[in-house]
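What follows is each chain in one-letter form.
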Amino acid sequence: MAQRTDRAEAFGQNLYIDTRGATDEPIPFTEAVVDGLAVGGGLYVPQELPSLSLEDIVALAKLPYAERAAAVYKAFNIDLPDEVIDELMGRAYGDNFDDAAICPITSLDENTHILELWHGPTSAFKDMALQCLPHFFSASAAQLRKKGELDHEFMILVATSGDTGKAALEGFKGVDGVSIGVLFPDGGVSDIQRKQMVTTTGDNVQVWAVRGNFDDCQTGVKRTFADETFAEKLLGEHAIALSSANSINWGRLLPQVVYYISSYAELVATGKIEAGREIDVCVPTGNFGNILAAWYAKQVGVPIDMLLCASNDNRVLTDFINTGTYDISDREFILTSSPSMDILVSSNLERQLFELTGRNAEAIRQWMVDLNERRCFRVDEETFCRVRENFSADSVDNATCLATIRTVLDEYDYLLDPHTAVAFAAAQNLRGENPVLVASTAHWAKFGDNVYRALHGIEPHEALPAEVASLTGCELNRRIAEETGKRHIPAGLANLDEMQVRFTEVIDNDVEAIESATEAFLSR
Ligand SMILES: *Cc1c(COP(=O)(O)O)cnc(C)c1O
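Residues numbered from 1 in each chain as written. Predicted model: local features only at pLDDT ≥ 70, side-chain atom pairs only at ≥ 80, totals over all residues. Heavy atoms only, no water.

J.: Whenever I open this one, the UniProt feature "domain: Threonine synthase N-terminal" (unreviewed entry) in the protein confuses me. Can you help?
T.: The positions UniProt marks with the feature "domain: Threonine synthase N-terminal" (unreviewed entry) are residues 16-93. Counted over residues 16-93, helix gives 45% and strand 8%. Its end C-alpha atoms are 26 Å apart. (UniProt positions renumbered as here; feature names shortened; annotations may be inferred. Helix = DSSP H or I, 4+ residues; strand = E, 2+ residues; numbered from the N terminus.)

Here it is as structure tokens:
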């Protein structure tokens, strides 16, 4: 953890507080990024939000995406020099994306616009943040080191159920002062997802398969983080501190605010909406990071009316938005056709509630205690009103999700991935008069098995025909591409069968196994 800064010396004006009120003195952006989580378990938010005029927003359309991002960071007044921000954004949003627009918009009709957030190296929307956060992390650590407030480097440890691991590997590979280790459940991720991870290049990366399911994997990693003796040993012998790259880090959230501001500018510039026209935004939601970013975009001035929250059968957020009660006391974790939204505890909701209560850290602390002890909390009536003013929500089951993929292909000749299909279906149920921007969070070829089921009328959990089941993920995608005429498969997914497998080690899920694997990697 970074030591305390002398505030007078702090470069930026905009400091960060936390949702549980444990930070007695607010900290600058660079420290919030390096710390990740505040001491009392709260999440960092900026003390002040910038305010952008409609003109400011619309004018962004003239700039390339990297410069739009830099402009937004400067408006948030982060404590890195302008020229550093410019340079980092040039690296974060350049030819590592397969479209010059970075996140282009495809309009299905006059009022339905698909924001394609999957043109990055791993073909899932997590690239939008994870191609950026590692640069912030490295630059923040370097700045703290220069000020004499940091004397070690970092190793990021990530437990993944599929998408996050690869996006984090691609983001952190080759970044100065940081290495990364990813753990995935052996046999618990798709052929495509596994190959994406085990073929990652770079000297500072490591991947392990872990015996057990995702929960075992995550528990093992959490225990490793909590082991203070191990932390001291790593610091003493390797000058390394462990850190995580999960979506509670403000440095992962801010890049997501950018694309909602940018896409509004884009819709105006391309004549699809008139400047000032309100839009609704529909987001397939898991940990609540993406939809929260849209809410922040609304706060800083983007004319967004309603935020439409789309859930799959794990509908805890939809129920919360409709009732004001967040209850997981009697809820099972359900495996769905949109696995990256399978979640029970949605961490970024805490930030949203902090904001909607007028930043009442005491209320948040109490609700988090309730959630921990009783697996349930209920917000007060006034907060619930604020929730209803901003959000509406719906859940979409597997069968509807797959049917939507089929219908949208037939009607619009556009192929959705299952997560985007959940959002598209929810938007149909929730929308009013406003144009809708649907966040599209993955390329269809990341989830080829469920897309195949959708196209062939196979039930959500039914096995694929033997002949299809024997294909590799890449072969299956090529078949879907031929059947649908959607021939473009992103480079990072198309050639996985030919790439060299670098990581084959399988380890146990206990702390000892994870710690000794980590040490072996650091001593390499
Ligand atoms: C992570 C992910 C989501 C959920 O996003 P949150 O910010 O966690 O709500 C949705 N779709 C895909 C494909 C994802 O990888």
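Next, the rest of the story.
J.: How do you make sense of the sheet that holds strand β10 (residues 304-311) when you look at a structure like this?
T.: Taken together, the 6 strands give an open sheet; going across it, the order is β3-β4-β14-β9-β10-β13, and neighbouring strands pair in mixed fashion. The open sheet terminates on both sides in strands that have one partner only, identified here as β3 (105-109) and β13 (391-395). The sheet shows a mean angle of 25° between the axes of neighbouring strands, direction not considered. The strands touched by helix α13 (residues 316-323) are β10 and β13; relative to β13, the strand with the most contacts, the crossing angle is about 135°. (Pairing = 2+ DSSP bridges. Axes fitted to C-alpha atoms, helices over the stretch in contact; angles between N-to-C directions. Contact = heavy atoms within 4.5 Å.)

J.: Any chance you could explain the pattern of salt bridges here in plain terms?
T.: Charged atoms that come close allow side chains of opposite charge to pair. Inspection of the entire model under this criterion finds 22 salt bridges. When salt bridges with common partners are traced through the structure, they connect Asp191, Arg194, Lys195 and Asp497 into a single cluster. (Salt bridge = Lys/Arg side-chain N within 4 Å of Asp/Glu carboxyl O.)

J.: How should I be thinking about the packing of aromatic side chains in this particular structure?
T.: The description of two aromatic rings rests on the distance between their centres and on the angle between their planes. Inspection of the entire model under this criterion finds 18 aromatic pairs. Their ring planes at 80° and their centres at 4.9 Å tell us that Phe137 and Phe154 sit as a pair that is edge-to-face. One end of the pair, Phe137, is in helix α6 (residues 133-146); the other, Phe154, is in strand β5 (residues 153-159), and 17 residues separate them in sequence. For the pair Phe137 and Phe154, one class covers both residues: buried. Grouping aromatic residues by their ring pairs yields a cluster made of Tyr16, Phe29, Tyr73, Phe76, Phe136, Trp250, Trp295 and Tyr296. (Phe/Tyr/Trp six-rings, centres within 6.5 Å; stacked < 30°, edge-to-face > 60°. Buried < 20%, exposed > 50% of the residue type's maximum accessible area, 1.4 Å probe, protein only.)

J.: I'm lost on helix α19 (residues 448-456) in this one. Help?
T.: Where burial is concerned, most of α19 is hidden: 7 out of the 9 residues are buried. Residues of α19 that are buried: Gly448, Asn450, Val451, Tyr452, Arg453, Ala454 and Leu455. Turning to α19, the residues buried within the fold contact α17 (398-412), α18 (418-430), α20 (466-469) and α21 (473-484). Backbone geometry just after α19 places Gly457 at a positive phi near 65°.

J.: Sorry, what's going on with the pairing of β5 here?
T.: In regular strands, side chains alternate between the two faces of the sheet. Taken across its 7 residues, β5 has 6 buried, putting it largely inside the fold. Examined bridge by bridge, β5 and strand β8 (residues 240-243) share 4 bridges and lie parallel to one another. Note that in β8 the partner of Ile156 across the bridge is Ser243. In this structure, β5 lies alongside strand β6 (residues 178-185), joined through 6 bridges in parallel fashion. Its bridge partner lying in β6, Phe154 is registered against Val178. Taken together, β5, helix α7 (residues 163-172) and β6 form a β-α-β motif whose crossover is right-handed. (Right-handed = clockwise from strand over helix to strand, strands pointing away.)

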